Amino acid sequence: MASNIFEKVLENVDIVDVVRRYVDLEPKGKNLFGVCPFHDDHSPSMSVSKEKGIFYCFTCHEGGNAIKFIEKYKKLSSIEAATFLAQEYHIDISEFDRVSTQTSTINKYYNAMDTASKFYSFLMNDENLSKEAREYLKGRGIDDNTINEFKIGLSIEDSQALSKTLMSKGYLKSDLIITSLANENEDLFIDRIMVPIRNESGRVVAFGGRIYKESSKDQSKYMNSKESPIFKKGETIFNLDKAIDALKTTNYLIINEGYMDVITSYSRGVKNAVAIMGTNITDEQVNLLKKYTKNVAICLDGDKAGMDGVKNLIRGFEKANMNYSVTILPNDADPDEFIRKNGIELYKEYITTRRLDKMGYIYEVTKKDYGAITSFNLESFKNDIFRQMRDETSNTTIETNLRKLSLDLKISYEAIKEDFKQYRLRLNPNYKENKEVKAESNKFSVKNAFSKAQEIVINYSINDKSYFSYIEGRMGGRLFLRDKELRKIFITIGDLYDYYGILTASEVNMKLREKGIDFDYNETYSYSTEDLDKILITFKRESLKEEIAFIKATLQNNLLSKDERDNYLLDLQSKQRELKKLWIRNKKNY
Ligand SMILES: [Zn+2]
C-alpha cells in the first residue's frame, strides 16, 4: 500500500512512457536514450531506465524519477507534478486528499475547466439562448450529435456569467485568471461558440471560442485560451483522445490546422483527424503522435501559410522517422470549407488517392510560385524542378513528376525525360566517363576543387564532433555533399555522434572501418574554425561555379527564345555577382 501520493503515482506510471511524451527515445543496451531537455543537448545524453524508474543525464547530471522529470520539465512543485501525472494516467489519489492539506492546485485547475465546460454545454442546451448558435452550426453541417460528441458549448452576452458560476462553487478569481477563463474584469469568452480542447487523456485543458453573430464582426473570428499550468499549446493536439479510437480501424491520422476542420470531417464520418492548432508542429507534438502511429496524412489549409506550414511538418516528421503524405486542397481552400463545398467523399479521395510524397509536394509549391506557365518561364520552371529532383533516387517518384511536367508544359514525356537525363549527366561528377556528353574544358578543374572541399569537410567532421555540428548548421543539414560516397560518409559520422556522443578521431575512424568505410583521414591538418569557414565558403563557391557552368551550357542551346535567353542571362549575372561577393568575403578573412 502506498503511504503517500508520491508513492502511489510512482507505483502506477512507467517512466519510459512519461519521458517519451516529451523526448524521442531510442533503445541502446538495457536503457533508452534521448536528447536531454535540461541542457543544450545535440546528441542523446539522457538515459532512461524502465527497470529502475529513473532518468539521468550524463552531461548535466540532472536525474530522478518520473515525478522529478515532470517537475523539472513543466516547472511545477513536486505535489503539482505528482497530481499532474495522476490526472494524466487516471490514478486515483482521492485517499490522500485528506492527508495532504495542500489539495493539489493542478487538480483544482482541471476541475475548474471541467465545470466551465459543463456550464457552456448547459447554455448550449438552452433552446432559447442557443437558437442562433445552433442555426449557425447547422448551416455549417454540424448537427446535434456532433455538438454532443464534442461537448460544444456557448458563452453568452453576460460578461460575468461564468465567473459568477465558478466562484459560487468555491473557485477564486485567481484560479479563473490562471486558467485563462477570465481576466480581472470579466469572462474571457463572451458570446461565442465554445469548443473544449482536451488533452490526450480526454481532460479539458483549454477552449476555442468562435464568433457566430453578424454583429460581432469587428471581433477576431477565433480566440483561444492562453497558456496555463495545464495547457501548453505546443504539447496539445486537438481531438487526439478521440482519434486514438479511430486508429483501431485506420492505420493513420490526418493532421489538420484548425479544430473546425476536424469537427467538420468528424461530423461526416472521418474520425481519424486531429488539429495541431496552427501551421507549426513542435517536437512534443510529434512525439505525442508517434506514441500512437507512425503514419500521418498532412492536410493543412491550401493557402500560402498552409503550404509553408507543410514544410515545418515534413521536417518534424522526417526527424522522427515517421511516414507522411501531403494533400494540397485546390483553390486555397481549408478542409472545413472544402468539405462543405465539395462533400466528404471528394475530401477522402484527396487524402487517400490524390496525396503527394515529398517531391510531389515540392513540385506543387514550385508550380504555385511560378503562377501560370508561359513560354517565357517554361524553361526556368523546368530547370527548377530538375534541380530539386537531381538527387532523387526513386524511379517512381522521378517518372511521376516528369509526367506531371510533361502535362503542365505540354511537351512530350519522352522529350522531358531526355532533358532530365542530360541535366543529370551534366551535374554528375563522374560524367566524364560518359561518352555521350561533351565535356567543357574547365569542368575537370571545377570537379577537382569541389571534391577537395568535400574531402576536407569529412576530415573536419572526423576530427571533432563540434566541427561536425558546425558544418551541419552552416550547410543546413547532412545532405549537402554532392559526391554520393562522401555524403554517405558524412551521414554515417553524424549517426555515430548521435549514438555515442563524443568520440575521438581515431574512434570515429575505427567505427567507420567497422562499417566498411575506409576514409583516408588526415590528422596532420591544423584544424581551426577560421580555416573551416574558408572551406565552407569555397564549397559554396564551387557549387555556384557549377551552376554557372550549367547555365552557360544551356545558353548554347540555339532553340532558346529571346526571352528565355534574357532570363538565363539575368540568372547568370546574379550567380556571378554572388560568386564575386564570396571572393571578397573570403579575402576579408585573411
Ligand atoms: Zn542534460
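So, how was this worked out
Residues numbered from 1 in each chain as written. Predicted model: local features only at pLDDT ≥ 70, side-chain atom pairs only at ≥ 80, totals over all residues. Helix = DSSP H or I, 4+ residues; strand = E, 2+ residues; numbered from the N terminus. Buried ≥ 20, exposed ≤ 12 C-beta atoms within 10 Å, placed from the backbone. Axes fitted to C-alpha atoms, helices over the stretch in contact; angles between N-to-C directions. Parallel < 35°, antiparallel > 145°, perpendicular 65-115°, else oblique. Left-handed = near helix turned anticlockwise from the far one by under 90°. Contact = placed C-beta atoms within 7 Å. Nonpolar A, V, L, I, M, F, W, Y, C, P; charged D, E, K, R; others polar. Core = buried A, V, L, I, M, F, W, Y, C linked by C-beta atoms within 7 Å. Expected span 1.5 Å × (residues − 1). Arc of directions from axis to C-beta. Pairing = 2+ DSSP bridges.

Asker: Which residues make up unusual backbone geometry, and what are the values?
Answerer: What you tend to see is this: most non-glycine residues have negative phi, and most peptide bonds are trans. The backbone phi angle of His-90 is positive, close to 55°, even though this residue is not glycine. Among the secondary structure elements, His-90 is positioned in the loop between helix H4 (78-88) and helix H5 (105-124). Backbone geometry places Met-277, a non-glycine residue, at a positive phi of 55°. Exposure remark for Met-277: the 22 C-beta atoms within 10 Å place this residue in the buried category.

Asker: Give a description of the packing of helix H16 (residues 358-370) against helix H17 (residues 378-389) that names residues and reports values.
Answerer: Between H16 and H17, the shortest axis-to-axis distance is 10 Å and the interhelical angle comes to 155°. Comparing their axes, H17 and H16 come out roughly antiparallel. Handedness of the crossing formed by H16 with H17: right-handed. Contacts between H16 and H17 involve Met-359, Ile-362, Tyr-363, Thr-366 and Tyr-370 from the former and Phe-381, Asp-384, Ile-385, Gln-388 and Met-389 from the latter. Considering only residue class, the contact of H16 with H17 consists of 7 nonpolar, 2 polar and 1 charged.

Asker: Can you tell me about the nonpolar core, naming the residues and giving the values?
Answerer: Across soluble globular proteins, nonpolar side chains show a tendency to be buried alongside one another. If you look at the biggest cluster of nonpolar residues, it comprises 109 residues, and the most contacted ones within it are Leu-85, Ile-255, Val-274 and Ile-298. The greatest single-element share of this core, amounting to 9 residues, is contributed by H5. Dropping the residues within four chain positions of it, Leu-85 is found in contact with Val-9, Val-13, Val-18, Ala-66, Ile-67 and Ile-70. Core analysis: the next-biggest nonpolar cluster, separate from the first, contains 16 residues, Val-457, Phe-468, Ile-493 and Leu-496 among them.

Asker: If you had to explain helix H19 (residues 413-427) to someone new, which residues and values would you point to?
Answerer: Relative to the 21 Å expected for 15 residues at 1.5 Å per residue, H19 spans 21 Å between its end C-alpha atoms, a close match to the ideal helical length. Within the span of H19, buried status applies to Ile-416, Phe-420 and Tyr-423. Projected down its long axis, H19 carries its buried residues within an arc of 60°, all on one side. Away from its buried face by more than 90 degrees, H19 exposes Glu-414, Ala-415, Glu-418 and Lys-421.

Asker: Go over the sheet that holds strand E4 (residues 54-57) with me, naming the residues and quoting the values.
Answerer: If you trace the 5 strands from one edge of the open sheet to the other, you get E1-E2-E3-E4-E5, paired in antiparallel fashion. Two strands in the sheet have a free side with no partner beyond their single neighbour: strand E1 (26-28) and strand E5 (63-64). As paired elements, E4 and E5 share 2 bridges and run antiparallel to each other. Bridged to Tyr-56 within E5 is Gly-63.

Asker: Quick one: what's the story with the environment of Ile-385, residue by residue and with numbers?
Answerer: With respect to the helices, strands and loops of the structure, Ile-385 is situated in helix H17. Once residues lying within four places of it in the same chain are set aside, the contact partners of Ile-385 are Tyr-363, Thr-366, Asn-401 and Leu-405.

Asker: Now, about the environment of Arg-355: what can you tell me, with residues and values included?
Answerer: Here Arg-355 shows up in the loop between helix H15 (344-352) and H16. Using a count of 18 C-beta atoms within 10 Å as the deciding quantity, one classes Arg-355 as partly exposed. On a C-alpha basis, the gap between Arg-355 and Asp-336 in space is 18 Å, while along the polypeptide they are 19 residues apart.

Asker: Please provide a residue-by-residue account of the sheet that holds strand E11 (residues 273-275), values included.
Answerer: Hydrogen bonding along the main chain pairs the strands of a sheet, whether they run parallel or antiparallel. Pairing is parallel in the open sheet, where 4 strands are placed in the order E11-E10-E12-E13. Each edge of the open sheet carries a strand with a single partner, namely E11 and strand E13 (323-326). Taken over all neighbouring pairs, the strand axes of this sheet differ in orientation by 30° on average, direction set aside. Across 4 bridges, the pairing between strand E12 (residues 295-298) and E13 is parallel. In the strand pairing of E13, Ala-297 is matched with Ser-325. Those strands touched by helix H11 (residues 259-267) are strand E10 (253-256) and E11, and its axis lies near 165° from that of E11.

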